[in-house]
Amino acid sequence: MTDTQIKYGLAGVVTDDTAVSKVMPESNSLTYRGYAVQDLATQCRFEETAYLIWNGELPTNDQLDAFIAKERSQRGISKDLLEVMRKFPKGAHPMATLRTAVSFLGLEDTEIEDHATDNLYDRSVSLYAKIPEIVAADFRLRNGKEPIAPRDDLGFSENFFHMCFGEVPAPEIVKCFDISMTLYAEHSFNASTFTARVIASSLSGVYSAVTGAIGSLKGPLHGGANEAVMHMLKEVGTAENAKAWMLDALATKKKIMGFGHRVYRSGDSRVPTMTDAYQKMVDIIGTDEAKMYWDMSRILDETMVAEKGIYPNLDFPAGPAYYLMGFEIPMFTPIFVMSRITGWTAHIMEQLGDNKLIRPLSNYTGPAQRDVPPMGDR
Ligand code: COA
């Protein structure tokens, strides 16, 4: 096998069919079940998008009401899980604690070996309902505060703010957050979704697949980039410093977080919508710090595009938007999980609907076959 036959990083390799979403690099666009993601983000609430991703069609009013009731009925994590979470080391990253907590949900599910699609759907809604509470409880516990129970009268995004802060902010802020949930929900065969499909293909079960996907998303080259972006903005420090910082970073061949994409080469259709949401956050917050981050972001973006022709990805506006909403930086990737659980589980269901164990080949480059020498000759 020659190097040209090997697709390093599986770049450009099509491994299966999917009806969940379509990434179109030629037009930098993305559709979920045929709908443009930016239209869903601005015209629908996240619950409608979640329903669409799982069911293939947008819900009618009655279907949405039933779906919302189903999600709310699944809210509430066990006392046992909360006790385990209290024992998590305080310095552990929230993605690591979330990975463990989701794995624990699997231990609590007594029907774990059942792979029927109906049960997968129920489990998917259950994970979607419970993950926000895990993220919020972990945030409060690590800050020495008691977790806040979910409220059945609040929507998905409002309820998350309530569980984190004990209050729901202005509707405009909730809408910015809700937009980010829709934009992050699904993105075809990215690393974490592919991880989920690989694990699902061995019939290991949905909790294994989601736990593995969380591990994959945690990395800074994937989901962890939204956190890395905010660390970068803090390191840059001031808007005045932004251009010089970027030029120096490029000269020293640093990877600039929040820029570039394996599939999109000239922009990402999710970015304008998230950038609008970020700008709205800046206007609502109205502080000098918020305006400074906005100016800094614009300068970094312009400099990167001018110097390298590399465009921002969704993490670039999402990181500072979450920061301005009041979330701690290490929560940004767990927040991404709250959304991406919909895409992951839709793919797990699709994989198991017509399963074939995923098992690629490798090109061996080690020593030729040889005899085991006796101990004295080694
Ligand atoms: N900062 C600086 N240079 C970058 C870059 C970035 N964020 N992204 C790509 N490049 C450069 C590469 O170094 C490479 O330069 P070279 O040809 O001189 O070696 C060139 O652009 C081509 O990039 P390539 O390595 O083919 O991109 P990839 O498809 O392997 O990587 C990412 C895609 C996402 C892993 C990469 O862009 C990256 O690490 N981005 C930062 C992390 C991030 O934001 N991740 C979130 C993705 S949604």
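For the structure, see preceding data.
On a predicted model such as this, the values are computed, not experimentally measured, just so you know.

A word on helix α11 (residues 225-236)
Helix length check: α11 (12 residues) gives 16 Å between terminal C-alpha atoms against 16 Å at 1.5 Å per residue, within 8%. In terms of residue burial, α11 counts as a mostly covered element, since nine of its 12 residues are buried. Here α11 has its buried residues at Ala-225, Asn-226, Glu-227, Ala-228, Val-229, Met-230, Met-232, Leu-233 and Val-236. Looking at the buried side of α11, the elements it contacts are α8 (171-184), α12 (242-251), α14 (288-308), α15 (315-325) and α16 (332-353). Just past α11, the residue Gly-237 takes up positive phi, approximately 90°.

Quick notes on the packing of helix α13 (residues 270-285) against α14
Where α13 meets α14, the closest approach of the two axes is 8 Å, and the angle between their N-to-C directions is 150°. With respect to each other, α13 and α14 are oriented roughly antiparallel. Both α13 and α14 take part in a crossing whose hand is left-handed. Contact with α13, carried on its side by Thr-275, Tyr-278, Gln-279, Val-282 and Ile-285, involves Ala-290, Lys-291, Tyr-293, Trp-294, Ser-297 and Arg-298 of α14 and no other residues of that element. Its residues assigned to classes, the contact of α13 with α14 comprises six nonpolar, three polar and two charged.

Looking at the sheet that holds strand β2 (residues 29-32)
The three strands are arranged β1-β2-β3 in an open sheet whose pairing can be described as antiparallel. Across the chains shown, the open sheet's two edge strands, defined by having one partner strand only, are β1 (21-24) and β3 (35-36). Here four bridges tie β1 to β2, and the two strands are oriented antiparallel to one another. Across the sheet, the residue bridging to Lys-22 is Thr-31, located in β2.

What counts as what
Residues numbered from 1 in each chain as written. Predicted model: local features only at pLDDT ≥ 70, side-chain atom pairs only at ≥ 80, totals over all residues. Heavy atoms only, no water. Helix = DSSP H or I, 4+ residues; strand = E, 2+ residues; numbered from the N terminus. Expected span 1.5 Å × (residues − 1). Buried < 20%, exposed > 50% of the residue type's maximum accessible area, 1.4 Å probe, protein only. Contact = heavy atoms within 4.5 Å. Axes fitted to C-alpha atoms, helices over the stretch in contact; angles between N-to-C directions. Parallel < 35°, antiparallel > 145°, perpendicular 65-115°, else oblique. Left-handed = near helix turned anticlockwise from the far one by under 90°. Nonpolar A, V, L, I, M, F, W, Y, C, P; charged D, E, K, R; others polar. Pairing = 2+ DSSP bridges.

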